[in-house]
Amino acid sequence: MRLASLCLTAAAFVLSVLAVPASAIELPDGPNRDLVYGKCRTCHDLQYLKESEGISARAWNDILDSMKARGLRIDDATRAKIYEYLSTYLGPNPPPPPAAPATATAPAADGKALFADNCSACHQPEGQGVAGQFPPLAGNPDIFANKDFPVYVVLHGLQGPVSVLNASYDGQMPPFDYLEDGEIAAIINFVRASWGNDANRPGDLTDLTAADVHRIRQNPMTADDVHQLRAGLVK
Amino acid sequence: MSSERNTFNLTRRQFGKMAGAAGAALAMPGFVRSGLAQDAMNSAQIISGKKSGLIIHNEKLGVMETPLTLLRQYAHTPKDILFCRFHFPHEGEAAWYATTDAPSFPDWTITIDGLVNRPRQVKLADLQAMPMEKRVSVIQCAGNGRAFYAAKEKVGGGQWHNGGMGNVEWEGVPLRAFLDDQKLGVSGAAMWLTANGWDQPATPEGSDFAKSYRLGDKALDNAILALKMNGEPIPAAHGGPVRLIVPGYYGNMNVKQLTSLLFMADQSPSDFQSMAYRMPNFPVTPESFGANDYTLDNSEPTYAHKIKSVIFSPLQDDSPKAGPVEITGVAFNDGEGPITSVKVSSDGGNSWVEAEIEAAESPWAWYHWKAKGELKAGSNTLISLATDALGRSQPLDGLVWWNPRGYEWNGADHVDITV
């Protein structure tokens, strides 16, 4: 009886993409997909994009304008990249998926640009955060809790109540595990060196490398686990 | 206005604290969510108190649709299966409404302001002491049926089928009498009433959600400041503690978590009033009219329900057999006149029979109907088409009202069944 009902439940889920948790929804691989991941999930998860797959390029263009009215913060260049991705890979005639992942060596990651694309929507361009909603990164002691901690946050997100600089937050940061190892290292190194954060840097703390992130990535964790990890590190 | 905003922000913070003090119960859904991050997400984990198996359109926003196999089981759609559509994430300070429990905010206040001589602040307790009336009304997402427009050209957004609706008993204080009692001294310059709720956009640049009604709109004569849904305090996920219910109007016009009513010369500039949730005043095509071509002159907000019928049985899930079959479903409109006819076909429109219609509980409730049909081995198409006393009918092909945001689908319902 129990097995039967389980099977029924499973069958119901197979009918659609519902079975996929929002954090695991993947969009087709293509240039600038990361921008879509970084920008769109501030307000809604990717299922809206998935359900809209196949609409016309004009419709995507209109949606981007609508989303700007709803609070999407992007400059024209970023908008053009996102539009290119959406209208191509989620448009009516998407290209076939690439046969093999590209193996060309990536240029050195630019932490400042990556921060602007992936993090500034919530944490703000100068890392100042938004009161009550998104914690600041400028002056935030968490970023030096230990060498690896911010990597866990970026990889897996962070969920649960936190207090930062005497202010409370209870939001849900999504995982950014789709970023490359070198990109994550570059973002965190940039944040640690910006907005006066350098003054808080412990003397023996060196910059993160892609190899560091690769190592940390081998520990599977949830956003909840990261919250607990933080509780042990931050007073 | 600025003092009102300050009050509002302060109130928001207080709620945040209260939600925190209320403890683990409110925080639980979030923790359950991440703990099972690798498993299938289901509606019960996204909004606590919901049944499993609702159709999820957006987890972060708690947007979910009711499968018809559940919807058809109840005369009044219960809170654990009723569709849900919020516009902003159920996170942080807003996590309190990710539950079907009723919120407990004894200090909840509704501000009445704008072009009035005497702005008022009305406490929830005062509202609860006023005479109340019931309204049984279909509540339906304006995007219900959006998926069907794809037969012409797919429209972006949640791909709702027919389950973004429910038949609900609301109870609350009649709006007109309430406003009269406040002795507001409304200016003759006021033309619109704007309702705003507690919810706020995810980013400071985002448009707030607000809805405006013409002050003379006759639908407001039936509107209530609802405090109860199906006999209980309104669940947080459905707009408690106070929801403006305008019977016969699409879901978005029934503002949740009501915090303010403003008398204005113009309608709200909110994107949700001026651009989204509007219908063009004339038929449009994907080539002629885009999602941002709406103006206040060429379009109207998604106010009154278009006449609609939905087939509840048989569905493919029922595995019906060949032979005679009873076809059942519901029909409803904006309450302006009764549903007088539902024509039903079980052979794709070659032949039609007149359904037997049950009396409805109220002008805005759904009417149950049933008709006899015949299923043959192979593929069958069932169709239902409703007409009301004002002579308004569903179009046989709903694509005639294709629109770039995919609202107000009301084509004759088509159900394909393979026997």
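Report on the accompanying structure. Computed from a predicted model, the values in this text were never measured in an experiment.

**What about the interface of chain B and chain A?**
Right, on to step 1. The interface of chain B with chain A comprises 48 residues on the first partner and 37 residues on the second.
Right, on to step 2. Across the chain B/chain A interface, buried area totals approximately 3500 Å², and carbon plus sulfur atoms make up 48% of it.
Right, on to step 3. One can count 3 salt bridges joining chain B with chain A.
Right, on to step 4. Notably, a salt bridge pairs Arg70(A) with Asp271(B), separated by 2.8 Å at the nearest N-O pair.
Right, on to step 5. Where chain B touches chain A, the interface holds 24 residue pairs in polar contact (both at pLDDT 80 or more).
Right, on to step 6. At the level of elements, α2 (24-35), β1 (55-58) and α7 (271-274) of chain B are the ones that each hand at least two residues to the side of chain B that touches chain A.

**Details of the packing of helix α4 (residues 57-69) of chain A against helix α5 (residues 76-89) of chain A**
Residue and element names in this part refer to chain A.
Right, on to step 1. Where α4 contacts α5, the axes come no closer than 9 Å and their chain directions differ by 140 degrees. In terms of orientation, α4 and α5 fall into the oblique class. Here α4 runs over α5; the crossing is right-handed. On α5, the residues that touch Ala57, Trp60, Asn61, Leu64, Asp65 and Lys68 of α4 are Asp76, Arg79, Ile82, Tyr83, Leu86 and Ser87.
Right, on to step 2. Its residues placed into classes, the contact of α4 with α5 shows 6 nonpolar, 2 polar and 4 charged.

**As for the side chain of His156(A)**
Residues and elements named next belong to chain A.
Right, on to step 1. For His156, the position within the fold is in helix α8 (residues 149-156).
Right, on to step 2. Taking the relative accessible area as the measure of exposure, His156 reaches 12% and is therefore buried.
Right, on to step 3. Residues in contact with His156, not counting those within four places in the same chain, are Pro175, Asn219, Met221, Thr222, Ala223 and Val226.

**A closer look at empty space enclosed by the protein**
Residue and element names in this part refer to chain B.
Right, on to step 1. All told, the structure shown has 3 cavities of 30 Å³ or more when counted by the stated rule.
Right, on to step 2. The computed volume of the second largest cavity comes to approximately 220 Å³.
Right, on to step 3. As for the second largest cavity, its lining consists of 20 residues, and the residues nearest its centre are Arg85, Arg243, Gly251, Asn252 and Lys256.
Right, on to step 4. Of the residues contributing to the lining of the second largest cavity, the split by class is 10 nonpolar, 6 polar and 4 charged.

**Here we look at the pairing of strand β17 (residues 339-345) of chain B**
Residues and elements named next belong to chain B.
Right, on to step 1. The buried fraction of β17 is high, at 5 of 7 residues.
Right, on to step 2. Pairing between β17 and strand β21 (residues 379-388): 6 bridges, direction antiparallel. What sits directly across from Val342, in β21, is Ala386.
Right, on to step 3. Two strands pair when backbone bridges link them, and β17 and strand β18 (residues 353-354) are joined in this way by 2 bridges, in the antiparallel orientation. Bridging across to β18, Val344 finds its partner in Val353.

**Considerations on the sheet that holds β17(B)**
Residue and element names in this part refer to chain B.
Right, on to step 1. Taking strand neighbours across the sheet as the criterion, the 4 strands line up as β18-β17-β21-β22 in an open arrangement whose pairing is antiparallel. Two strands close off the open sheet at either side, each with one partner strand: β18 and β22 (413-418).
Right, on to step 2. In terms of strand pairing, β21 meets β22 through 6 bridges, oriented antiparallel. Residue pairing for β22: Ser379 is matched across the bridge by Thr418.

**As for the sheet that holds strand β20 (residues 367-375) of chain B**
Right, on to step 1. A sheet is described by the order of its strands in space; here 4 strands give the open sequence β15-β16-β20-β19 (chain B), paired in antiparallel fashion. Of all strands in the sheet, those bounded by a partner on one side alone are β15 (308-313) and β19 (356-357) of chain B.

**Points about the pairing of strand β4 (residues 120-123) of chain B**
Residue and element names in this part refer to chain B.
Right, on to step 1. Direction of pairing for strand β3 (residues 109-114) relative to β4: antiparallel, over a ladder of 4 bridges. From the neighbouring strand, Ile112 faces β4, where its bridge partner is Arg120.
Right, on to step 2. As consecutive antiparallel partners, β3 and β4 are separated by 5 residues.

About the criteria used
- Residues numbered from 1 in each chain as written.
- Chains lettered and ligands numbered in written order.
- Predicted model: local features only at pLDDT ≥ 70, side-chain atom pairs only at ≥ 80, totals over all residues.
- Heavy atoms only, no water.
- Contact = heavy atoms within 4.5 Å.
- Buried area = accessible area lost by both parts, 1.4 Å probe.
- Salt bridge = Lys/Arg side-chain N within 4 Å of Asp/Glu carboxyl O.
- Polar contact = N/O pair within 3.5 Å; in protein donor to acceptor, adjacent residues only side chain to side chain.
- Helix = DSSP H or I, 4+ residues; strand = E, 2+ residues; numbered from the N terminus.
- Axes fitted to C-alpha atoms, helices over the stretch in contact; angles between N-to-C directions.
- Parallel < 35°, antiparallel > 145°, perpendicular 65-115°, else oblique.
- Left-handed = near helix turned anticlockwise from the far one by under 90°.
- Nonpolar A, V, L, I, M, F, W, Y, C, P; charged D, E, K, R; others polar.
- Buried < 20%, exposed > 50% of the residue type's maximum accessible area, 1.4 Å probe, protein only.
- 1 Å grid on protein atoms, 1.4 Å probe; cavity = no way out; pocket = protein on both sides within 12 Å on 5 of 7 lines; lining within 4 Å.
- Points joined across faces, edges and corners; volume = space filled by probe spheres on them.
- Pairing = 2+ DSSP bridges.

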